[in-house]
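Spelled out from the first residue to the last, the chains are:
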Amino acid sequence: EDKVVQSPLSLVVHEGDTVTLNCSYEVTNFRSLLWYKQEKKAPTFLFMLTSSGIEKKSGRLSSILDKKELFSILNITATQTGDSAIYLCAHTNYTGANSKLTFGKGITLSVRP
Amino acid sequence: DTGVSQDPRHKITKRGQNVTFRCDPISEHNRLYWYRQTLGQGPEFLTYFQNEAQLEKSRLLSDRFSAERPKGSFSTLEIQRTEQGDSAMYLCAWGREKLFFGSGTQLSVL
């Protein structure tokens, strides 16, 4: 059974800090790893990572995958209170048909002013 | 715009009652998914439709759960004889490899 483990489960930082969120996985056939941000309701898509060592970047957020060590990190620089959310990591088993995501429990990030 | 609209946003029901949720894709999405999220957990896969065909169901989907997607447009998820353990957020999603989620229906079973 595919497994995704995120750490830490919660984190409190101050505005302006840089944070690193971790995601490790144990899956039968790796396809891609995805990161989502969940504020109140819908998880919103951030990144999809398929290849090792290629950084994906969007503003202050960036993410990278290490397929040898089976983990990914999500970095947020110069954090703002609006970054407070649950960050979810998921593996997709997509092979051209459906995409069944296996999620970790999520990391609750609180950014204090 | 999440690409799907879910209704209702919140539902409170008594144990033993039946409930039905609806998911409306905003445009044509042939792949549609249902997920369930309980407090402190990530979303868990329930079922998947390609057009009107239900192609995969999780073992989490007990006999009390049924999902339909008539004509390949909107989808419904029904839970019969609700139990307190059914309390969760029910999320609808669409997509190919990466999924886009609706705002969900929060179910509370008293």
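Owing to the predicted nature of the structure, the values given are computational and were not obtained by experimental measurement.

S.K.: What is the right way to look at the overall build of chain B in this model?
M.R.: The helix and strand tally for chain B stands at zero helices and 11 strands. Overall, chain B shows an N-to-C arrangement of helices and strands of β-β-β-β-β-β-β-β-β-β-β. Scaling as 2.2 N^0.38, a compact globule of 110 residues should have a C-alpha radius of gyration of about 13 Å, and chain B matches this with 13 Å. Counting the 110 residues in chain B, one finds 45% classified as buried. In the form shown here, chain B has an accessible surface area of approximately 5600 Å², with 44% of it arising from carbon and sulfur atoms. Measuring between centres, the 15 positive side-chain charges of chain B sit 3 Å from its 13 negative side-chain charges.

S.K.: I tried to follow the environment of A:Thr102 on my own but got confused; where do I start?
M.R.: Residue and element names in this part refer to chain A. Along the chain, Thr102 turns up in strand 10 (residues 101-103). Given the relative accessible area of 24%, Thr102 is considered partly exposed. Note: C-alpha distance between Thr102 and Thr79 (23 residues apart in sequence) is 27 Å. Apart from residues lying up to four places away in sequence, Thr102 is in contact with Asp2, Val4, Cys89, Ala90 and His91.

S.K.: Whenever I open this one, the pattern of salt bridges confuses me. Can you help?
M.R.: Side-chain pairing between opposite charges can occur once the charged atoms of the two side chains come close. Counted under the stated rule, the structure contains seven salt bridges over all chains. Salt-bridge contacts for A:Glu39 lead to A:Lys37; the nearest nitrogen and oxygen are separated by 4.0 Å. Judged by relative accessible area, which is 53%, A:Glu39 ranks as exposed. Where B:Glu56 meets A:Lys100, a salt bridge forms, and the shortest distance between an N and an O atom there is 2.6 Å.

S.K.: Where do I start with the environment of B:Gly40 in this structure?
M.R.: All names here are of chain B. Structurally, the position occupied by Gly40 is in the loop between strand 4 (31-37) and strand 5 (44-50). Assessed through its relative accessible area of 52%, Gly40 is described here as exposed. Residues Gly40 and Leu60, spaced 20 residues apart in sequence, show a C-alpha to C-alpha distance of 17 Å.

S.K.: Could you clarify how one ought to interpret the layout of surface pockets in this entry?
M.R.: Rolled over the atoms, a probe with the dimensions of a water molecule shows which regions are left empty. Size it by volume and the largest pocket reaches roughly 710 Å³. Lining the largest pocket are 22 residues, and of these A:Glu1, A:Asp2, A:Thr102, A:Phe103 and B:Glu44 lie nearest its centre. Every element with two or more residues in the lining of the largest pocket is listed here: strand 1 (3-7) and strand 10 of chain A together with strand 5 of chain B. When residues in the lining of the largest pocket are grouped by element, the largest group, four residues, is from strand 1 of chain A. Taken together, the residues of the lining of the largest pocket sort by class into eight nonpolar, seven polar and seven charged. By volume, the second largest pocket amounts to about 350 Å³. A:Ile86, B:Gln37, B:Thr38, B:Leu39 and B:Gly40 are the residues nearest the centre of the second largest pocket, which is lined by 17 residues in total. Here the residues of the lining of the second largest pocket are counted per class, giving six nonpolar, eight polar and three charged.

S.K.: How should I be thinking about the state of the cysteines in this particular structure?
M.R.: Covalent bonding between the sulfur atoms of two cysteines is what defines a disulfide. This model, assessed by the stated rule, comprises two disulfides over all chains. Covalent S-S linkage joins A:Cys23 and A:Cys89, the inter-sulfur distance amounting to 1.9 Å. Between A:Cys23 and A:Cys89, the S-S torsion sits near -70°, and that sign places the bridge as left-handed. With A:Cys23 in strand 3 (residues 19-26) and A:Cys89 in strand 9 (residues 85-92), this residue pair connects regions lying 66 residues apart in the sequence. When sorted by exposure, A:Cys23 lands in the same class as A:Cys89, which is buried. Put simply, B:Cys23 and B:Cys92 are joined by a disulfide, and their sulfur atoms are 1.9 Å apart. One quick way to see it: the torsion about the S-S bond of B:Cys23 and B:Cys92 is about -65°, and its sign makes the bridge left-handed. One end of the pair, B:Cys23, is in strand 3 (residues 19-25); the other, B:Cys92, is in strand 9 (residues 88-95), and 69 residues separate them in sequence. The exposure classification of B:Cys23 matches that of B:Cys92, with both residues buried.

The rules behind these values
- Residues numbered from 1 in each chain as written.
- Chains lettered and ligands numbered in written order.
- Predicted model: local features only at pLDDT ≥ 70, side-chain atom pairs only at ≥ 80, totals over all residues.
- Heavy atoms only, no water.
- Helix = DSSP H or I, 4+ residues; strand = E, 2+ residues; numbered from the N terminus.
- Rg over C-alpha atoms; globule rule 2.2 N^0.38 Å.
- Buried < 20%, exposed > 50% of the residue type's maximum accessible area, 1.4 Å probe, protein only.
- Areas by Shrake-Rupley, 256 points an atom, 1.4 Å probe, with all protein chains shown as cover.
- Lys, Arg positive; Asp, Glu negative; His and termini not counted.
- Charge placed at Lys NZ, Arg CZ, Asp CG, Glu CD.
- Contact = heavy atoms within 4.5 Å.
- Salt bridge = Lys/Arg side-chain N within 4 Å of Asp/Glu carboxyl O.
- 1 Å grid on protein atoms, 1.4 Å probe; cavity = no way out; pocket = protein on both sides within 12 Å on 5 of 7 lines; lining within 4 Å.
- Points joined across faces, edges and corners; volume = space filled by probe spheres on them.
- Nonpolar A, V, L, I, M, F, W, Y, C, P; charged D, E, K, R; others polar.
- Disulfide = S-S within 2.5 Å.

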